[in-house]
Amino acid sequence: MRKRHPKAASDSSSEPSSSTQQTDNNNHVLLDKKVVDVRRSGKTWFSVLILIIYSSWAVYNHQHGNLPRPLTAKQAGKRGFSEIQAMKHVTALTQFGPHPVSSDALLHALEYVLGEVEKVKETAHFDVDVNVDFFESKSGVNRLVGGLFKGKSLVYSDISHIVVRIMPKYESEAGENAILVSSHIDTVFSTGGAGDCSSCVAVMLELARSVSQSAHGFKNSVIFLFNTGEEEGLNGAHSFITQHPWSSTVRLAVDLEAMGAGGKSAIFQAGPSPWAIENFALAAKYPSGQIMGQDLFTSGVIKSATDFQVYKEVAGLSGLDFAFADNTAVYHTKNDKIELIKPGSLQHLGENMLAFLIRVGSSSDLPKDKTLQTSSSDAAVYFDILGKYMVVYRQNFATMMYVSVIMQSMLIWVMSCLMGGYPALVSVMLSCLSFILAWIFSVAFSVAVAFILPWISSSPVPYASYPLMTIGLFVSPAVLGSISGQHLAFSFLRKKPSNRNSNNMELSPRLRDNLAKLEAERWLFKAGFIQWFVLLVFGTYYKLGSTYLALVWLVPPAFSYGLLEATLTPIRFPKPLKLATLAISLAVPILVSAGGFIRLAGTLIGMLIRFDRNPGGTPEWLGNVVVAVVIATFVSLTMVYLLAYIHLSGSKRSIVTALCIITALSLALVASGFLPAFTEDTARAVNVVHVVDTSGEEQASFISLFSNTPGNLNVEAEQIKEGFRCGRDNKVDFVSFEAKYSCVSKKDAEVGWDKSDVPVLRVVNEEKGRGDDERRIIAVSMETGGSSRWILGIDMEVVEDFTLQVGEEEGDEELMIGRGEKSSGQEGWHQIQFSGGKKAPTKFVLKLYQKKSDEKKMQRPVLKLRTDFDRITPQVKRVLERLPTYCSQFGKSTSPFTLAFLASLPYTK
């Protein structure tokens, strides 16, 4: 055998080494070329952004703005629903003007509704019985344990309702099982109430006509309750439930309401039993409803109450609560006009309700017992998709589904950290930091603008009449803040140790940096999984109905990422995230939630008109801060996946610059005053009240001007020119609230009212306890000067209990409020809120049972009283005539009328 020369052998052995080194170098070059270009086209990112914005707005418009075509009576037929006919009722009712309780206009409205239901009775199907009852209720007291009226006694007297029962003639048990459909005829004193709630009454009249033609096939009866007194504390519903003989037959309650004018009437409260919402979802042609609204309403975020609370809390009934929610800024103002009711609004509610009533009226499964005791596990989770389909499932199924997703997610994250080791754990922690930083910066930037607005604008809410301005004022800073927070986290993630080079390959610095960017982008995307996972856990624990939102924002993105992006080995190099991943991730979340989020933001902006419940009692910037925080939270939660793509795009600097310009231009537009904060159609909520105060040592009378809309009234006072002085030194205690900022004028305030109108509080009897019992029993005579609307505050810090009876002396007439546990509201006061008709009593005796020991010096009265008259004095008339057109009187159950008297009874030992 021929031997090779050692040198030749050495040369030969070195050839493979050189070849390997050359191969490695070539691989590095190839890898550099493969990974070097990690930047994404800026035009592509902008295109995706525009597509997402357009899709979200399209979902909102289709879900909340797509209304059915109004039908004429001929098109609807005898058994159909006609909006054209219903709008005739709205027109007739609004022509009476404002019709609050005890007004002549309300009597006219009642007469009109009574005449219309009599027509329904005359034209009903021959196999259908229609019973009409003009119900005049007795005196009563309503105490609710929660919500807006907690800590109050709501007393009523002489209020009238119209009750209509429709049932088949030959179904023996139909009269014992009824579905109640309810709404209110009365309005607040400041509006004709086209939306709230003449539109609801009109729908009920047309439903009654239609049902009267088809109820011969029913197994249950339908009761239509046209009540009054709702605006004064839900008194109409309470009097029906506690006094009317038909109330015992009600098995299901449906309430129709409005917190605006027109649009789709959506369900915002359902339950406690899921039976009603499940049947509605099956029957409704255009189902609309979001449990998100129910969560906000029951939490107290939305300060309001409806008759549904009485049906649920007092009667123990389950059912549905509907509300029109377009144009929320006009709620209870002069702008609640028929012109704002969009064509198709009543058709939408009418067709949904008619289909529902036909289904449940014909059902043999109508719950026969009170269903309030339904367990929380049986409560329904519901939401609609595009206003075409409604998803309903029960809480026990929801919990099972949520827990399953939570456990699977935890398993995936734990396994990822075990496989990835320490670098993966660091990445998870930095991902958490990324969404925390994004939220903090997003909120901080938006809140900064919120604080700036009162300084550069004549109104703290300069966008009230142009809500789209919030895009530049709050959305742009919020997005800018989210980008800034993610940018910091992106920088940290690029510097962290990586586990991608487990095969010890030698990587060029350029390649290493590009790989770090790609891996950081992926962890920013996965930060969205973590934040929605946390919200899913939180919602599941507290059994929030809105938890489904966390589910739809977690599962589709996670599925998309696992399908298109995930790798089972850390050795493979990462690649830029695919646009298909983003598209699949956001398709379902946008479809399910975009419309609801936009609607919620719009409703919140409209509510700023009446944000300050105690005028001047909240900082001017607070309303802006609330809107800013809500918008920033939406932005940081929903844009986390999209913004993860921006850091490798060539458009980051351009986007940041554009956002800064948009914000700056919006602020400049506000500062210029080019777009007014309020217009004649979106008015500022104000009250003009002629006050006669007899609570002090000397009687004082003046005109008070105050506003529930944040901001001072200097401009308005100057325009009125009636000698108004504005400031926080003009505090007025209206018993139900305190105007801590107001404008006051004493010009000609001594005339326009009569001494007989002045209320009187006086002690008529006093008894001392026996033996060591130092408690006193004081009988107080109260004369309201002819007023049938008054609010009395009782200091429960010195009063243990009290009774209220009608008459001038003890034992004269009926006892309205007996002894028993009384809760106190804000600052220890218990309020009696009274409202009645023209025949309501005006003289009462109040018996106070004082507490045993009272060593505290009392500097406030034991009783304070406000009586109201719906009467415009010459001075108030002059002010209202000169009031700017962008202002409107605002009414609610606790607001005084245009003439108010104040009185008090001091504490004496």
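Computed from a prediction, not measured in an experiment: that's the story for all the values here.

Ordered by their spatial adjacency, five strands build an open sheet running E18-E19-E24-E21-E22, and the pairing between neighbours is antiparallel. Strands with a single pairing partner mark the edges of an open sheet, and in this sheet they are strand E18 (760-768) and strand E22 (815-817). Shown here is a sheet whose adjacent strand axes are inclined to one another by a mean of 25 degrees, direction ignored. One ladder, built from seven bridges, connects strand E19 (residues 776-783) with strand E24 (residues 843-850); its direction is antiparallel. Paired with Met782 across the bridge in E24 is Phe844.

Moving on to the confidence of the model for the chain. The predicted coordinates of low-pLDDT regions are not to be read in fine detail. Per-residue confidence for the chain gives a mean pLDDT of 90; residues scoring 70 or more make up 91%. Within the model, the stretch residues 1-21 combines pLDDT values under 50 with two contacts to residues more than four positions away or in other chains.

Turning our attention to the pattern of salt bridges. By the definition in use, this model includes 28 salt bridges. For Lys747, the salt bridge goes to Glu722, with nearest N and O atoms at 3.7 Å. Of the two residues, Lys747 is situated in the loop between strand E17 (742-745) and E18 and Glu722 in the loop between helix H20 (714-720) and strand E14 (725-727); the sequence distance between them amounts to 25 residues. Owing to a relative accessible area of 42%, Lys747 belongs among the partly exposed residues under this scheme. Classification of Glu722 by relative accessible area gives buried; the value is 4%. We note a salt bridge from Arg871 to Asp757, for which the minimum N-O separation is 2.9 Å. Taken together, the residues span a long stretch of sequence, with Arg871 in the loop between strand E25 (863-869) and helix H21 (874-882) and Asp757 in the loop between E17 and E18 at a distance of 114 residues.

This next bit is on the packing of aromatic side chains. Tallied over the full model, the rule gives 30 aromatic pairs. Judged by centre distance (5.8 Å) and plane angle (20 degrees), the rings of Phe525 and Tyr561 are stacked. With Phe525 in helix H14 (residues 509-542) and Tyr561 in helix H15 (residues 547-564), this residue pair connects regions lying 36 residues apart in the sequence. Grouping residues by exposure puts Phe525 and Tyr561 together as buried. Geometrically, the ring pair formed by Phe834 and Phe844 is edge-to-face, given 5.5 Å between the ring centres and 70 degrees between the ring planes. Linking Phe834 in strand E23 (residues 829-836) with Phe844 in strand E24, this pair joins segments that are 10 residues apart in sequence. Residue classification places Phe834 among the buried residues on the basis of a relative accessible area of 1%. Given the relative accessible area of 0%, Phe844 is considered buried. Of the aromatic side chains, those joined through ring pairs into one cluster are Phe525, Phe529, Tyr561, Tyr641 and Tyr645. The ring of Trp523 has Lys526 lying over it, and the distance from NZ or CZ to the ring centre is 3.7 Å.

Val113, Phe224, Phe226, Leu256, Leu357, Tyr463 and Phe474 are the most contacted members of the largest nonpolar core, which totals 162 residues. A per-element tally of this core places helix H12 (residues 395-456) first, with 14 residues. Counting 27 residues, the second largest nonpolar core, distinct from the first, contains Met782, Phe802, Phe834 and Leu848.

Taking the numbering used here, the UniProt-annotated feature "domain: Peptidase M28" (unreviewed entry) corresponds to residues 168-356. Helix makes up 35% of residues 168-356 and strand 20%, and the two end C-alpha atoms of the span are 17 Å apart.

This part is about the environment of Gly606. With respect to the helices, strands and loops of the structure, Gly606 is situated in helix H16 (residues 579-607). A relative accessible area of 8% means that Gly606 is categorised as buried. Between the alpha carbons of Gly606 and Asp326 there is a distance of 9.3 Å; along the sequence they are 280 residues apart. If sequence neighbours within four positions are ignored, Gly606 has contacts with Thr328 and Ala329.

Turning our attention to the packing of H12 against H15. The N-to-C vectors of H12 and H15 enclose an angle of 40 degrees; their axes lie 11 Å apart at closest approach. Our classification of the angle between H12 and H15 gives oblique. Note on packing geometry: the crossing formed by H12 with H15 is left-handed. Residues Met401, Tyr402, Val405 and Ser409 of H12 pack against Thr547, Tyr548, Leu551, Leu554 and Val555 of H15. Its residues placed into classes, the contact of H12 with H15 shows seven nonpolar, two polar and no charged.

Mapped onto the present numbering, the UniProt feature "transmembrane region" (unreviewed entry) falls at residues 44-60, 400-425, 432-456, 468-493, 580-609, 621-643 and 655-678. As a span, residues 655-678 carries 75% helix and 0% strand, and end to end its C-alpha atoms are 32 Å apart.

This part takes up unusual backbone geometry. A cis geometry characterises the amide bond from Asp196 onward to Cys197, with omega recorded as -5 degrees. With a phi angle near 65 degrees, His332 is a residue other than glycine that sits in the positive phi range. Within the secondary structure, His332 is located in the loop between strand E9 (319-324) and helix H11 (345-361). The class of His332 is buried, set by a relative accessible area of 3%.

One open sheet accounts for seven strands, arranged E1-E4-E6-E5-E7-E9-E8; its pairing is mixed. Strand pairing shows two members of the sheet lacking a second neighbour, strand E1 (128-136) and strand E8 (265-271), which therefore form its edges. Put simply, the sheet's adjacent strands are angled 20 degrees from each other on average, direction ignored. The sheet contact formed by strand E5 (residues 178-184) and strand E7 (residues 250-258) spans five bridges and is parallel. The partner of Val181 across the bridge, within E7, is Val254. Along the sheet, helix H7 (residues 235-243) contacts E1, strand E4 (160-168), E5, strand E6 (221-227) and E7; its crossing angle with E6, the most-contacted strand, is approximately 135 degrees. Of the strands in this sheet, E7, E8 and E9 touch helix H8 (residues 275-283), which is tilted by about 60 degrees from E9.

Following the sequence through the fold, Ser102 ends up in the loop between helix H4 (83-94) and helix H5 (104-123). Taking relative accessible area as the criterion, Ser102 reaches 26% and is therefore assigned partly exposed. Sequence-wise, Ser102 and Val715 are 613 residues apart; in three dimensions their C-alpha atoms are separated by 35 Å. Ignoring anything within four residues of it in the chain, the contact list for Ser102 reads Ser788, Gly836, Gly837 and Lys838.

What counts, and at which threshold
- Numbering of residues starts from 1 in each chain and follows the order in which that chain's sequence is written.
- In view of the model being predicted, local features appear only for residues whose pLDDT reaches at least 70, and side-chain atom pairs are presented and counted only at 80 or more, with totals across whole chains, interfaces and linings using the full set of residues.
- Only hydrogens and water are set aside when side-chain values are computed; all heavy atoms of the structure are taken into account.
- In this description, strands pair whenever DSSP reports at least two bridges between them.
- Per the convention used, a helix needs a DSSP run of H or I reaching at least four residues, while a strand needs a run of E reaching at least two, with both numbered from the N terminus.
- Note on method: axes are straight lines fitted to C-alpha atoms, helices fitted across the in-contact stretch only, with angles between N-to-C directions ranging 0 to 180 degrees.
- As a per-residue quantity, pLDDT reports the predictor's confidence and falls between 0 and 100.
- Residues count as neighbours in contact if any of their non-hydrogen atoms are within 4.5 Å of one another.
- Whenever a carboxyl oxygen of Asp or Glu lies within 4 Å of a side-chain nitrogen of Lys or Arg, that contact is scored as a salt bridge.
- When accessible area is computed with a 1.4 Å probe and restricted to protein chains, residues below 20% of their type maximum are described as buried, those above 50% as exposed, and intermediate ones as partly exposed.
- When the centres of two rings from Phe, Tyr and Trp lie within 6.5 Å, Trp using its six-membered ring, the rings pair. Their planes under 30 degrees apart give stacked, over 60 give edge-to-face, and anything left gives tilted.
- Any Lys NZ or Arg CZ that is within 6 Å of a ring centre and within 35 degrees of that ring's normal is treated as a charge sitting over the ring.
- Among buried residues, the Ala, Val, Leu, Ile, Met, Phe, Trp, Tyr and Cys ones that are joined through side-chain atoms within 4.5 Å form a nonpolar core.
- UniProt positions are given in the numbering used here, feature names are shortened, and annotations may be inferred rather than shown by experiment.
- Should an angle lie under 35 degrees it is considered roughly parallel, over 145 roughly antiparallel, and from 65 to 115 roughly perpendicular; all remaining angles are considered oblique.
- Each crossing is labelled by how the near helix is turned from the far one, with a counterclockwise turn of less than a right angle marking it left-handed and a clockwise turn marking it right-handed.
- Three classes are used: nonpolar for Ala, Val, Leu, Ile, Met, Phe, Trp, Tyr, Cys and Pro, charged for Asp, Glu, Lys and Arg, and polar for all others, with Gly counted as polar.

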